[in-house]
2 protein chains.
Amino acid sequence: MNPIGFIRSPFSNLEGMPIQPTGAAGVQGRVELLPEYRAGLKDIEGFSHLILLYLFHRSSGFQLDVVPFLDNQPRGLFATRAPRRPNPIGLSIVRLDSVENGILHVQDVDILDGTPLLDIKPYVPVFDRRDQVRTGWLEQSGNAVAAQKSDSRFVAA
Amino acid sequence: MNPIGFIRSPFSNLEGMPIQPTGAAGVQGRVELLPEYRAGLKDIEGFSHLILLYLFHRSSGFQLDVVPFLDNQPRGLFATRAPRRPNPIGLSIVRLDSVENGILHVQDVDILDGTPLLDIKPYVPVFDRRDQVRTGWLEQSGNAVAAQKSDSRFVAA
């Protein structure tokens, strides 16, 4: 796995960063593809939302139970979105504003500045959207996610 | 990146496989975590849907423009979900039926049997669902995706 580009955002530190795109509404950023991949952006401007897969490059190692930002007790790692994972791949859905010279201008960015990008996929409701969903322990935390900010608990030691 | 487990499904070949979970409604499969990661499954049974990230292990190489299954003209790779990508990571949302001894019984599986699993994330609408979405060239193909099957065009040479 090698980066195909880098993500630019206003967030240079985990502390204070929104933990999900819905908490980052309107936050602007850029996806800068390396020149050799830019031809793959053709037709992307027709999509309003993109799935970004990226490396949690500032997290290292993992534990199989973690206390998530939205809870006060340990949960199984795979029942959380915590960044310290065996394969530290992050996933965010961002809004695409425009494409210019291989650079995507995006919104709702909950990603650290300088994050290595692994893949871009178009967000397609018929593939990616589910209704009537149960969300386990997260149901207790209600809508707190929109206001919740990150802290340093997942920073690499 | 190392597999944390393997995905089991009825599909041993790309030919005839549904191309997305919505075309694989009711298809049953299993996610078998390696023993050393199973403790991370705690609390996952509360979630009805999971995001699986996995390796497109039967695809190799990539081209920056591809003729997708749902179209008859070349599109930019990053405006498609084609498996041959610079970082060949697949993403599917599956329905979780039950958890038993580190094995997840899932439905809506559009994934090849034996696929190496990279990560499991809980599907959380407030993070992952978007409304009022534009889907570019895919809008012309309407609901054909549910019926569309794979063929051999992305098989490794």
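Just so it is clear, the model here is predicted, and its values are computed rather than measured. (Residues numbered from 1 in each chain as written. Chains lettered and ligands numbered in written order. Predicted model: local features only at pLDDT ≥ 70, side-chain atom pairs only at ≥ 80, totals over all residues.)

J.: Describe the overall build of chain A, and please don't skip the residues or the numbers.
T.: From N to C terminus, chain A includes 1 helix and 8 strands. The burial tally for chain A puts 48% of its 157 residues in the buried class. Partitioning the contacts of chain A with sequence separation of at least 6, the portion at a separation of at least 24 is 77%. (Helix = DSSP H or I, 4+ residues; strand = E, 2+ residues; numbered from the N terminus. Buried ≥ 20, exposed ≤ 12 C-beta atoms within 10 Å, placed from the backbone. Contact = placed C-beta atoms within 7 Å.)

J.: Lay out the interface of chain B and chain A with the relevant residues and their values.
T.: Tallying the contact residues gives 51 residues for chain B and 51 residues for chain A. Only strand 3 (49–55), strand 5 (75–76), strand 6 (89–100), strand 8 (115–122) and helix 1 (125–128) of chain B provide two or more residues apiece to the side of chain B that touches chain A. If one sorts the elements of the side of chain B that touches chain A by residue count, strand 8 of chain B sits on top with 5 residues. A breakdown of the residues in the side of chain B that touches chain A according to their chemical character gives 29 nonpolar, 10 polar and 12 charged. (Nonpolar A, V, L, I, M, F, W, Y, C, P; charged D, E, K, R; others polar.)

J.: An account of the relation of the copies chain B and chain A is needed here, citing residue identities and associated values.
T.: Aligned on chain A, chain B shows an RMSD of 0.0 Å; the corresponding rotation is 180 degrees and the shift along the axis is 0.0 Å. Overall, the copies show the geometry of a two-fold rotation axis. Considering only C-alpha atoms, the part of chain B nearest the rotation axis is B:Arg129, at 2.8 Å. In this assembly the copies share their binding face: 100% of the residues contributing to the interface of chain B also contribute to that of chain A. (Least-squares fit on C-alpha atoms with pLDDT ≥ 70 in both.)

J.: Break down the pairing of strand 3 of chain B for me, with residues and values.
T.: Residue and element names in this part refer to chain B. Taken across its 7 residues, strand 3 has 7 buried, putting it largely inside the fold. Burial along strand 3 is two-sided: the residues His49, Ile51, Leu53 and Leu55 and Leu50, Leu52 and Tyr54 are all buried. Across 7 bridges, the pairing between strand 3 and strand 6 is antiparallel. Within the sheet, the bridge partner assigned to Leu53 lies in strand 6 and is Leu91. Direction of pairing for strand 3 relative to strand 8: antiparallel, over a ladder of 5 bridges. Counted as the bridge partner of Leu53 is Asp119 from strand 8. (Pairing = 2+ DSSP bridges.)

J.: Any chance you could break down the environment of A:Phe69 for me, citing the residues and the numbers?
T.: Here A:Phe69 lies in the loop between strand 4 (65–66) and strand 5 (75–76). Taking the C-alpha atoms as reference, A:Phe69 lies 34 Å from A:Glu45; in sequence the two are 24 residues apart.

J.: I'd like to hear about the nonpolar core, residue by residue, with values.
T.: Nonpolar side chains tend toward joint burial in soluble globular proteins. In terms of nonpolar packing, the biggest core is built from 84 residues, with A:Leu52 and B:Leu52 touching the most fellow members. If near-sequence neighbours (up to four positions away) are discounted, B:Leu52 is found in contact with B:Ile7, B:Val31, B:Ser92, B:Val94, B:Leu117 and B:Ile120. (Core = buried A, V, L, I, M, F, W, Y, C linked by C-beta atoms within 7 Å.)

J.: Tell me what's going on with the pairing of strand 6 (residues 89–100) of chain A, and back it up with residues and numbers.
T.: Residues and elements named next belong to chain A. Across 5 bridges, the pairing between strand 6 and strand 7 (residues 103–107) is antiparallel. Residue pairing across strands places Arg95 opposite Gln107, the latter belonging to strand 7. What sits between the antiparallel neighbours strand 6 and strand 7 is a turn of 2 residues, in which Asn101 has the positive phi angle 50 degrees.

J.: So what about the sheet that holds strand 6 of chain B? Which residues, and what values?
T.: All names here are of chain B. The 6 strands are arranged 1-2-7-6-3-8 in a closed barrel whose pairing can be described as antiparallel. Adjacent strand axes in the sheet meet at a mean angle of 45 degrees when their direction is disregarded. Note that strand 1 (residues 5–8) and strand 2 (residues 28–33) share 4 bridges and pair antiparallel. Bridging across to strand 2, Ile7 finds its partner in Val31. (Axes fitted to C-alpha atoms, helices over the stretch in contact; angles between N-to-C directions.)

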